[in-house]
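Report on the structure
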Amino acid sequence: MTNPNQSSNEALDIIRSRLNGVIPKLAIILGSGLGPLVEAVQDPTTISFTDLPGFPCPSVEGHAGSLILGQINGIEVLILQGRSHYYEHGDATGMLIVIETIKGIGCKQLILTNAAGSLRDEAGPGSLMLITDHINYSGMSPLIDSSGNDRFVDMTDAYDPNIRNILKVVADENEIKLYEGIYMWFSGPNFETPAEIRAAKILGADAVGMSTVPEVILAKRAGIPTAAMSIITNYGAGMSDTALTHEQTMKNAKIATDNLIKLISNYLKNLR
Ligand code: HPA
């Protein structure tokens, strides 16, 4: 196993050398099909994950695997285009170094985005959902096998209430419909069965997906205030006649991407 601290420091040094003393206020991790947010970045500096020791090398189409530094609306941001998913290798610690590096750089907040299936009839494909809490149905944790008392992380308010409130206000101001709901993490890569979707509804979930939860656990341990938003790309299995495919996920992500870019870039004005 790689030494997390050593790798983290190597990645940190590389990123710091490109930052020239600037500390990005916000880190953003982009989900499937959300790459176009990068086009909103002014003066971008791009570093490939392959040049950052300990960073994942994503194998999923739509996840490029690069880190972009620059400004959106004049605010310094650090964007991660691509992430590690548990289903790629059966390892929930794939984003450990990334989150530790974000912490080490001094980013004050983290916003995660993902693609998800909706369990709510009113929140169809193309909707945006602000995650209020999660249910970890995979049973995995990125903290398994770590030591020390800080592994016993309090997951209350893992989705920072303050950031959520501001995002809701900004969504209202910009006439963006922002649903709120609970995200349930399935390991993937297969989609859920209709029976699992019915069970998820009974358990209190509003959306299902294959990412985000490990990063949120790691960010909570690191003490980084974090928010997460889902782009709804489809209804959960059995809720509609449309077959579930990765291609459909990518296509429907485009519909909500404009709203998400608008929401995040206007949110950034509050960090001035
Ligand atoms: N299930 C799990 N993950 C997903 C889905 C889904 O229906 N849609 C997009 N990501």
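This report concerns the structure included in the present document. (Residues numbered from 1 in each chain as written. Predicted model: local features only at pLDDT ≥ 70, side-chain atom pairs only at ≥ 80, totals over all residues. Heavy atoms only, no water.)

**Comments concerning the site of the ligand**
Inspection of the region around the ligand gives Ala-115, Ala-116, Gly-117, Phe-191, Glu-192, Val-208, Gly-209, Met-210, Thr-233 and Asn-234 as its neighbouring residues. Between the ligand and the protein, one listed contact pairs a nitrogen atom with a side-chain N or O atom of Glu-192 at 2.8 Å. Asn-234 places a polar side-chain atom, nitrogen or oxygen, 2.7 Å from a nitrogen atom of the ligand. Protein contact buries 96% of the 260 Å² of open area that the ligand shows by itself. Elements with a minimum of two residues in the shell around the ligand: strand E5 (109–118), strand E8 (207–209) and strand E9 (226–235). At three residues, E5 tops the list of elements feeding residues into the shell around the ligand. Taken together, the residues that form the shell around the ligand break down as five nonpolar, four polar and one charged. (Near = heavy atom within 4 Å. Polar contact = N/O pair within 3.5 Å; in protein donor to acceptor, adjacent residues only side chain to side chain. Areas by Shrake-Rupley, 256 points an atom, 1.4 Å probe, with all protein chains shown as cover. Helix = DSSP H or I, 4+ residues; strand = E, 2+ residues; numbered from the N terminus. Nonpolar A, V, L, I, M, F, W, Y, C, P; charged D, E, K, R; others polar.)

**Some points on the packing of helix H3 (residues 96–105) against helix H6 (residues 213–222)**
Viewed as axis vectors pointing N to C, H3 and H6 meet at an angle of 35 degrees, and their least axial separation amounts to 10 Å. Crossing geometry of H3 relative to H6 is assigned as right-handed. The residues of H6 that touch H3, namely those facing Leu-96, Ile-99, Glu-100 and Lys-103, are Glu-215, Leu-218, Ala-219, Arg-221 and Ala-222. In the contact of H3 with H6, the residues fall into five nonpolar, no polar and four charged. (Axes fitted to C-alpha atoms, helices over the stretch in contact; angles between N-to-C directions. Left-handed = near helix turned anticlockwise from the far one by under 90°. Contact = heavy atoms within 4.5 Å.)

**Focus: H3**
Summarising burial for H3: seven of the 10 residues are buried, a large majority. Looking one or two residues past H3, Gly-106 carries a phi angle of roughly 100 degrees, positive in sign. (Buried < 20%, exposed > 50% of the residue type's maximum accessible area, 1.4 Å probe, protein only.)

**Considering the environment of Met-210**
Tracing the backbone through its elements, the reader meets Met-210 in the loop between E8 and H6. When the C-alpha positions of Met-210 and Gly-236 are compared, they lie 13 Å apart, and in sequence the two are 26 residues distant. The residues touching Met-210, leaving out its near neighbours within four places in the chain, are His-85, Tyr-87, Tyr-183, Trp-185, Phe-186, Ser-187, Gly-188, Pro-189, Asn-190 and Phe-191.

**Focus: the packing of aromatic side chains**
This structure, assessed with the given rule, holds three aromatic pairs. For the pair Phe-49 and Phe-55, a centre-to-centre distance of 5.4 Å together with 70 degrees between the ring planes defines the contact as edge-to-face. Using a relative accessible area of 2% as the deciding quantity, one classes Phe-49 as buried. Accessibility expressed as a relative area gives 7% for Phe-55, which makes it buried. One cation-aromatic arrangement involves Lys-177 over Tyr-179; the distance from NZ or CZ to the ring centre is 4.9 Å. (Phe/Tyr/Trp six-rings, centres within 6.5 Å; stacked < 30°, edge-to-face > 60°. Lys NZ or Arg CZ within 6 Å of the ring centre and 35° of its normal.)

Spatial relationships are all this shows, so hold off on functional conclusions.
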